[in-house]
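# Examining the three-dimensional arrangement
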Amino acid sequence: MNRMIRLTSLAALIAFATPALAQSQDATLYKSPECGCCEGYAAYLRDNGFKVDVKETDELAEISHKAGVPEDMQGCHTTFIDGYVIDGHVPINVVRKLLKEKPAIAGITLPGMPMGSPGMGGTKTEKFVIYTVPKDGKAPEIYATE
């Protein structure tokens, strides 16, 4: 009887764990070959359930530009998830908000390399302001603050 309970419990664990693994989302992260914090952000995404394909490039500014990210709003790496561009060290809860809400924008960006942001290290010294990357040529707007 004890063995039957263990086998049933094991089967239930496998059945419930499998969908969680299947829900892992693919992400493609473009980064400069010299950038180490970008690897930190890729690890952060992996730790939060994403399957990340890191691609090194010397054309990062062009990739961000083609995705619609204004030059003065670019981060140090550019990630694509589910048709959206996520530029810079955007916190995971804001990424998940974007993927859940599915707004009619090209994506979001956290400009620069703010200390304390995911993958950057250090102590957070200011509020993170994440902006929209519009599709329609409009000016970026604040999407979230952290």
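Note that the coordinates shown come from a computational prediction; the quantities given were computed from them, not determined experimentally.

### Some thoughts on helix 4 (residues 92-101)
- Along helix 4, the residues that are buried comprise Ile-92, Val-94, Val-95, Leu-98 and Leu-99. Within helix 4, the buried residues cover an arc of 165 degrees as seen down the axis, which keeps them to one side.
- Once helix 4 ends, the next one or two residues include Lys-102, with phi positive near 50 degrees.

### Concerning helix 2 (residues 37-47)
- Among the residues of helix 2, Cys-37, Cys-38, Tyr-41, Ala-42 and Leu-45 are the ones counted as buried. The buried residues of helix 2 occupy an angular sector of 155 degrees when the element is viewed end-on, so they sit on one face.
- Tucked into the core, helix 2 has its buried residues touching strand 1 (25-31), strand 2 (50-56), strand 3 (77-81), strand 4 (84-87) and helix 4.
- Within two residues after helix 2, Gly-49 carries a phi angle of roughly 95 degrees, on the positive side.

How each quantity is defined
Residues numbered from 1 in each chain as written. Predicted model: local features only at pLDDT ≥ 70, side-chain atom pairs only at ≥ 80, totals over all residues. Heavy atoms only, no water. Buried < 20%, exposed > 50% of the residue type's maximum accessible area, 1.4 Å probe, protein only. Helix = DSSP H or I, 4+ residues; strand = E, 2+ residues; numbered from the N terminus. Arc of directions from axis to C-beta. Contact = heavy atoms within 4.5 Å.

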